[in-house]
Amino acid sequence: MSTKLRVGVIGCGSIASNHIRGYLDCGRYEIVGLADLEEPAMVEKDTAFSIAPRHYTDARAMLAQERPDVVSICTWHTGHASWTIAAAAQRPRAILCEKPMADTIGRAEQMVLACQRNGVKLGISHQRRFLPAYTLARDLIGQGAIGNVQTIQSFAADGLPNYSSHQTDMYRYLLGDDECDWVIGNVERKTDRYERATRIEDCAAGVFHFCSGALALLLSDLTPTVYQGALIYGSDGMINLTTRSLQLLSRATGGSWQLHEPDGAFYKLADLGDEFEWREAGAAQAAALADWIEGRTEHFRGAATNGIKALHMVHAVYESARMHEKVLLPMQTRQNPLDLMVDSGHLAPARPGPYDIRAFLLRGERMASDSEENS
Ligand SMILES: NC(=O)c1ccc[n+]([C@@H]2O[C@H](COP(=O)([O-])OP(=O)(O)OC[C@H]3O[C@@H](n4cnc5c(N)ncnc54)[C@H](O)[C@@H]3O)[C@@H](O)[C@H]2O)c1
């Protein structure tokens with residue numbers, strides 16, 4: 001009998017491929033069930049990965065019939081909480097849910113609760129924690145290679161929840177999971193802009209303060225330069241981090257940039273190029289999840305305890321704009337503050353008419369996502 005972990009996937013669109021590939025690349029899982037509203041989405045996965053899991057257009061039927069060890073939640077953000085809670089009720093060993101963890105802090109807390117009461121391990125897929133360049137940057141910072149971190153700068157787009165939840169998570173990872181204690185920021189929202197059915201701003205800026213004294217500065221939809229990674233300034237040097245490499249400049253490097261392109265546990269950057277980021281992070285995340293499930297490690301870098309903090313930091317920018325204040329973390333407002341601002345008329349769109357910048361992902365005649373329960 002196979003000793004592999006049996007996986008069920010809910011939502012078989014673009015990021016589901018990353019989950020499936022990661023599970024297969026790491027060699028410790030088999031994919032037993034796929035669930036999607038659209039049969040062609042599931043067929044695409046079978047073809048792409050030469051797998052033959054059973055297909056379900058009802059995800060609850062997949063959960064009940066397959067009883068997977070691991071459930072991947074790969075629907076749009078608005079469905080993360082509903083599907084995590086539904087999956088937790090079937091008591092798999094672990095759930096790996098996509099980021100942003102939820103559309104509100106309140107729903108994210110319910111996900112944690114549902115998993116706790118059913119004894120299920122919950123991870124959030126901020127997979128860049130598993131990139132060797134990110135981990136090298138974290139280690140160099142921890143060893144004092146650039147002195148005390150003073151500022152981390154990053155540049156984002158496409159709304160804070162989607163793109164910048166990776167960056168708020170990255171700040172904490174780079175700082176050894178230091179806690180963010182306050183956030184100040186602002187948003188502009190003149191158009192009725194959505195991203196995967198989640199209301200987003202036209203542009204935003206945020207400042208994040210950490211217990212160590214470090215600051216992070218985030219500009220979103222404000223500059224032509226947008227990338228995952230960061231410029232990290234310390235009291236004794238700098239790191240320029242991307243998803244594939246880092247450059248270090250310090251007294252020890254003689255004041256010149258020193259390039260590091262670390263290979264991963266599974267793949268080499270030179271062999272995969274642009275694909276490296278996705279393949280390595282996917283496989284390494286899956287391997288670490290298996291270790292956590294099987295009790296080989298006590299902690300998982302991608303645990304929901306970190307994922308929820310990344311969400312708090314994003315929503316704190318909205319809360320700062322709503323309350324005109326420096327927001328202390330953890331947030332106490334459990335609704336999405338951007339929704340509160342818009343729904344109360346405080347931030348009514350000057351140019352009405354909703355549009356979704358990810359509508360191109362929808363299939364068939366659909367121009368809007370399903371209800372929250374089904375998205
Ligand atoms: N970690 C990352 O780097 C990363 C990258 C891309 C996307 N994401 C996240 O992944 C999530 C999904 O994004 P995507 O780009 O894959 O979207 P997508 O639209 O390509 O895929 C979503 C899939 O969910 C299916 N679905 C919707 N309702 C369903 C239901 N009730 N039951 C079963 N299936 C259902 C849709 O039919 C679709 O195939 C988002 O939350 C996004 O933020 C993360």
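Quick note: structure is the one above.
Quick caveat: nothing in here was measured; it's all calculated off a predicted structure. (Residues numbered from 1 in each chain as written. Predicted model: local features only at pLDDT ≥ 70, side-chain atom pairs only at ≥ 80, totals over all residues. Heavy atoms only, no water.)

(A) Focus on the sheet that holds strand S1 (residues 5-10). The sheet built from six strands is open, its strands ordered S3-S2-S1-S4-S5-S6 with parallel pairing. Edge strands, defined here as strands with exactly one partner in the open sheet, are strand S3 (54-56) and strand S6 (121-124). Each strand axis lies, on average, 25° off the axis of its neighbour in the sheet, ignoring direction. With six bridges connecting them, S1 and strand S2 (residues 29-35) associate as parallel partners. (Pairing = 2+ DSSP bridges. Helix = DSSP H or I, 4+ residues; strand = E, 2+ residues; numbered from the N terminus. Axes fitted to C-alpha atoms, helices over the stretch in contact; angles between N-to-C directions.)

(B) Geometry of the packing of helix H7 (residues 160-174) against helix H10 (residues 304-323). In contact at an axis separation of 8 Å, H7 and H10 are set at 120° when each is read in the N-to-C sense. As the angle between them shows, H7 and H10 are arranged oblique. Taken as a pair, H7 and H10 cross one another with a handedness that is right-handed. Along its contact with H7, which presents Leu160, Pro161, Ser164, Ser165, Thr168, Asp169, Tyr171 and Arg172, the element H10 presents Asn306, Lys309, Ala310, Met313, Val314, Val317 and Tyr318. A per-class count over the contact of H7 with H10 returns eight nonpolar, four polar and three charged. (Parallel < 35°, antiparallel > 145°, perpendicular 65-115°, else oblique. Left-handed = near helix turned anticlockwise from the far one by under 90°. Contact = heavy atoms within 4.5 Å. Nonpolar A, V, L, I, M, F, W, Y, C, P; charged D, E, K, R; others polar.)

(C) Quick look at unusual backbone geometry. Along the chain, Lys99 connects to Pro100 via a cis peptide bond; the corresponding omega equals -15°. Checked against the element boundaries, Pro100 lands in the loop between strand S5 (94-97) and helix H5 (105-118). Of the consecutive residues Leu329 and Pro330, the connecting peptide bond is found in the cis state with omega at 0°. One can find Pro330 in the loop between strand S17 (327-328) and helix H11 (337-343). In this structure, Arg91 takes a positive phi of about 55° despite not being glycine.

(D) Expanded view of the pattern of salt bridges. Scanning the model with the defined rule gives 27 salt bridges in all. One salt bridge in this structure joins Arg138 and Asp139, with 3.2 Å as the shortest N-O distance. Given a relative accessible area of 25%, Arg138 falls into the partly exposed group. Between Arg251 and Asp236 there is a salt bridge, with its nearest N and O atoms 2.7 Å apart. With Arg251 in the loop between strand S15 (246-250) and strand S16 (258-260) and Asp236 in the loop between strand S13 (227-234) and strand S14 (237-242), this residue pair connects regions lying 15 residues apart in the sequence. The exposed category is assigned to Arg251, whose relative accessible area is 66%. A cluster of three or more residues bridged by salt bridges with shared partners is formed by Arg129, Asp169, Arg172, Asp177, Glu179 and Lys309. (Salt bridge = Lys/Arg side-chain N within 4 Å of Asp/Glu carboxyl O. Buried < 20%, exposed > 50% of the residue type's maximum accessible area, 1.4 Å probe, protein only.)

(E) Structural context of the sheet that holds strand S12 (residues 215-220). With mixed pairing, the nine strands of this open sheet are ordered in space as S16-S15-S14-S13-S7-S12-S11-S8-S17. Either end of the sheet is taken by a strand with one partner, and the two such strands are S16 and S17. As paired elements, S15 and S16 share three bridges and run antiparallel to each other. Note that in S16 the partner of Leu246 across the bridge is His260. Where H7 meets the sheet, its contacts fall on strand S7 (149-156), strand S11 (203-210), S12, S13 and S14, and the angle it forms with S7 comes to roughly 160°. Against the sheet, H10 makes contact with strand S8 (180-188), S11 and S17, and its axis sits at roughly 60° relative to S8, the strand it touches most.

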